[in-house]
Amino acid sequence: MLFRSELTISNKGDIPAEWKLLEPTTPFGDKFEFSPVAGCLAVGAEETLDLCFCSDILGEFSEVFRFQLTGSDELLQCQIKGHVVGPTFNFDVDVIDFGTVSYSFTQSKTINLFNTSDIVMEYNLSIPQDGTFVKREFTIEPNTGTLEPGCGEKVRITLDPTTIKTYDYYMTVNVPRVGDNLLSMPLTAECKVPEVTVESRELKFDECFMRHPYELDLILVNSSDILSAKYTMAPQDPSTKV
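Procedures and definitions
Residues numbered from 1 in each chain as written. Predicted model: local features only at pLDDT ≥ 70, side-chain atom pairs only at ≥ 80, totals over all residues. Heavy atoms only, no water. Helix = DSSP H or I, 4+ residues; strand = E, 2+ residues; numbered from the N terminus. Rg over C-alpha atoms; globule rule 2.2 N^0.38 Å. Buried < 20%, exposed > 50% of the residue type's maximum accessible area, 1.4 Å probe, protein only. Contact = heavy atoms within 4.5 Å. Areas by Shrake-Rupley, 256 points an atom, 1.4 Å probe, with all protein chains shown as cover. Lys, Arg positive; Asp, Glu negative; His and termini not counted. Charge placed at Lys NZ, Arg CZ, Asp CG, Glu CD. Pairing = 2+ DSSP bridges. Axes fitted to C-alpha atoms, helices over the stretch in contact; angles between N-to-C directions. 1 Å grid on protein atoms, 1.4 Å probe; cavity = no way out; pocket = protein on both sides within 12 Å on 5 of 7 lines; lining within 4 Å. Points joined across faces, edges and corners; volume = space filled by probe spheres on them. Nonpolar A, V, L, I, M, F, W, Y, C, P; charged D, E, K, R; others polar.

1. Side note on the overall build of the protein
Next up, step 1: Secondary structure summary: the protein contains 0 helices and 18 strands in total.
Next up, step 2: Here the C-alpha atoms of the protein give a radius of gyration of 35 Å, more than 25% beyond the 18 Å that 2.2 N^0.38 yields for 242 residues.
Next up, step 3: With the principal axes as the frame, the protein shows a C-alpha extent of 125 × 35 × 25 Å.
Next up, step 4: In the protein, buried positions account for 28% of the 242 residues.
Next up, step 5: Long-range pairs, those at least 24 residues apart, make up 63% of the contacts in the protein between residues at least 6 apart in sequence.
Next up, step 6: Total accessible area on the protein stands at roughly 16,600 Å², and carbon and sulfur atoms take up 49% of it.
Next up, step 7: With 19 positive and 37 negative side-chain charges, the protein shows a spacing of 7 Å between the two charge centroids.

2. Notes on the environment of G179
Next up, step 1: Mapped onto the secondary structure, G179 falls in strand β16 (residues 179–192).
Next up, step 2: Separated by 40 residues in the primary sequence, G179 and I219 have C-alpha atoms spaced 56 Å apart.

3. Re the sheet that holds strand β14 (residues 152–159)
Next up, step 1: Across the sheet, 4 strands lie side by side as β8-β10-β14-β12; this open sheet has antiparallel pairing. Unpaired on one side and paired on the other, β8 (89–91) and β12 (138–141) mark the two borders of the sheet. Strand-to-strand twist across the sheet, computed as the mean angle between neighbouring axes with direction ignored, equals 25 degrees.
Next up, step 2: Bridge analysis of β8 against strand β10 (residues 107–115) gives 3 bridges, and the strand direction is antiparallel. Among the inter-strand pairings, N90 is bridged to a residue of β10, identified as F114.

4. A look at unusual backbone geometry
Next up, step 1: With omega at 0 degrees, the peptide bond leading from S35 into P36 counts as cis.
Next up, step 2: By the element assignment, P36 lies in the loop between β3 (32–35) and β4 (38–41).
Next up, step 3: With an omega of -10 degrees, the peptide bond between E141 and P142 qualifies as cis.
Next up, step 4: Mapped onto the elements of the fold, P142 is located in the loop between β12 and β13 (144–147).
Next up, step 5: A positive phi is found at R177, a non-glycine position, where the angle reads about 70 degrees.

5. What to know about the layout of surface pockets
Next up, step 1: Volume-wise, the second largest pocket comes out at about 260 Å³.
Next up, step 2: As for the second largest pocket, its lining consists of 16 residues, of which N11, P16, A17, L69 and S72 are closest to the centre.
Next up, step 3: Put simply, the parts of the chain that give the lining of the second largest pocket at least two residues each are β1 (3–10) and β2 (17–21).
Next up, step 4: Tallied by class, residues from the lining of the second largest pocket come to 8 nonpolar, 5 polar and 3 charged.

Shown next as structure tokens:
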């Protein structure tokens, strides 16, 4: 964010004064811009300098700027103090908990990200552990954006579980030009496969006429109250065919 201010320099002496701003050498020094940086003041005259400050460094600063006067060993000094802080933000939940999820069934959660600061905030969201050993299982929409002061954004996290495991992950918030991992949101889930059985392990057709089709129902039973199951029929083993 760009901050602007003004600084006035006056000639209270008896002769005209030429002046120029000396280059600062401190970490925050080059974050300031003065305009103009040199000039000549008549007796009793004054000049207003435009001052701009834009920092990509966080923390407190106390900068002393020095102005050299032609023909004089004396330096004019101006001290500027301040504290550079990043944007403040939060989510409306403390944890993203998917609970128990079914293998290969997509689940989604929606949370809200709020910019509680007085400046515009850019953000990037990511789940560092996702995709480390297998393909990515989480999708974040949107995973980047800009929030105006006091505004919020709905964020949708979708899990497409392809691994039977317990997820103990976290979602991080990075703010460009400010810092990474400024906030971490725990993300948990447990992926399971339900027990599926056949109602009858033996189907009897009894006597059948040659070249006449017959049908029987094969009933699959999912014994879980919370888990869903997908299935495919495996090809028949050739050795079992007549």
